[in-house]
Amino acid sequence: MVDPTQTRLVIFDLDGTLIDSIGDLADAMNAVLEDLGHPTHPRDDYRDFVGNGIEVLARRALPPEIVDTTNVPDVVAAVRKEYSTRWTATTRPYPRIPELLRELRSRGLATAVLSNKPDHATRAIVGELFADHAFTIVRGAIDGVPLKPDPTAVHEIVSRLGLSPRDTAFVGDTPVDMTTGANAGTLTVGVTWGFRSADELLLADADRVIHHPLDLLEFLQNTVREDGRS
């Protein structure tokens, strides 16, 4: 395991890690399903649908017997349009996340966001919900760059900051996030307040699973602050 006391950068997943967005994601997908005449799903079902981008979300939400005969790109476009009208209708940061971000900044750690959500949506949501916190880099899905769990985007973020994966902790709520960090060579921290269980995160080889946002501070407790104090 990468030494957590060497962490200089924390990269956060967005949905299920920094923000509770399941309601807006579910409502957008359900609205499209209803328009198409398909059954909708309870919000809790979407906890298992999200994490791999909107195309995978659409495939998981569509009736399995018609997925292969459906024009999935058209469904994806419809979901994106619908979701753009409700990005922050009910979505909010999880409790204590703003406090966590303030403390990381006070310790001199850089923070970044990496999501499989489209880049423009990621930036808009972070800009609205975290206006008081200056993330060093905010990045969503970009054409031509593979989605998580491919490590390309993590490596690009780390490189832009002149750091290495061994200086980095990747924090997320799904096995996809744990695999992303492992593929990139970072520390991986799974969180249980999001969309997946501790067991799933441990099976995905999380280096540490935490149950409260401020637990991350304890895990990184010996990280040197910007002013040289520990």
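## Brief notes about the overall build of the protein
When you go through the protein residue by residue, the secondary structure sums to ten helices and eight strands. The C-alpha atoms of the protein give 18 Å as radius of gyration, which agrees with the globular expectation for 230 residues (17 Å, within 12%). Considering only C-alpha atoms, the protein reaches an extent of 60 × 30 × 30 Å along its principal axes. A separation of at least 24 residues holds for 66% of the contacts in the protein among residues at least 6 apart in sequence. On the protein, roughly 10400 Å² of surface is accessible, and the fraction owed to carbon and sulfur atoms is 47%. Each charge sign in the protein was given a centre, from 23 positive and 35 negative side chains, and these centres are 6 Å apart.

## A few points about empty space enclosed by the protein
This structure, assessed with the given rule, holds two cavities of 30 Å³ or more. Its boundaries defined by the atoms lining it, the largest cavity holds a volume of some 220 Å³. In this structure, the largest cavity is lined by 18 residues; those nearest its centre are Asp 15, Val 50, Gly 51, Gly 53 and Lys 117. Counting only elements with at least two residues in the lining of the largest cavity, the list comes to α3 (54–61) and β4 (110–118). For the lining of the largest cavity, the element with the most residues is β4, which contributes three residues.

## Description of the confidence of the model for the protein
For the protein, mean pLDDT is 93; residues scoring 70 or higher make up 96% of the total. Predicted confidence is poor over residues 223–230, with pLDDT under 50, and the contacts of this stretch with residues over four places away or in other chains come to 15 contacts.

## Re the sheet that holds strand β8 (residues 208–210)
Pairing is parallel in the open sheet, where six strands are placed in the order β5-β4-β1-β6-β7-β8. Edge positions in the sheet fall to β5 (137–141) and β8, since each has one partner strand and no second. Here the average twist between neighbouring strands, direction ignored, is 20 degrees. Judged from the four bridges that link them, strand β1 (residues 9–12) and β4 form a sheet pairing that is parallel. Its bridge partner lying in β4, Phe 12 is registered against Val 113.

## Digging into the side chain of Asp 177
With respect to the element layout, Asp 177 can be found in helix α8 (residues 175–184). The exposure class of Asp 177 is buried, given its relative accessible area of 2%. In this structure Asp 177 touches Asp 13, Lys 148, Phe 170 and Gly 172, once residues within four positions along its chain are discounted.

## Focus on the packing of aromatic side chains
For any two aromatic rings, the description comes down to two numbers: the centre-to-centre distance and the angle of the planes. A complete count under the given rule lists two aromatic pairs for this structure. Ring plane angle 80 degrees and centroid distance 5.1 Å describe the contact between Tyr 46 and Phe 49, whose orientation is recorded as edge-to-face. Residue Tyr 46 and its partner Phe 49 are located together in helix α2 (residues 46–49), separated by three residues, close to a single helical turn. In this structure, Tyr 46 and Phe 49 share a single accessibility class: buried. For the pair Phe 130 and Phe 135, a centre-to-centre distance of 5.9 Å together with 85 degrees between the ring planes defines the contact as edge-to-face. Just as Phe 130 is buried, Phe 135 falls in that class too.

Definitions and limits used
Residues numbered from 1 in each chain as written. Predicted model: local features only at pLDDT ≥ 70, side-chain atom pairs only at ≥ 80, totals over all residues. Heavy atoms only, no water. Helix = DSSP H or I, 4+ residues; strand = E, 2+ residues; numbered from the N terminus. Rg over C-alpha atoms; globule rule 2.2 N^0.38 Å. Contact = heavy atoms within 4.5 Å. Areas by Shrake-Rupley, 256 points an atom, 1.4 Å probe, with all protein chains shown as cover. Lys, Arg positive; Asp, Glu negative; His and termini not counted. Charge placed at Lys NZ, Arg CZ, Asp CG, Glu CD. 1 Å grid on protein atoms, 1.4 Å probe; cavity = no way out; pocket = protein on both sides within 12 Å on 5 of 7 lines; lining within 4 Å. Points joined across faces, edges and corners; volume = space filled by probe spheres on them. pLDDT = per-residue confidence, 0-100. Pairing = 2+ DSSP bridges. Axes fitted to C-alpha atoms, helices over the stretch in contact; angles between N-to-C directions. Buried < 20%, exposed > 50% of the residue type's maximum accessible area, 1.4 Å probe, protein only. Phe/Tyr/Trp six-rings, centres within 6.5 Å; stacked < 30°, edge-to-face > 60°.

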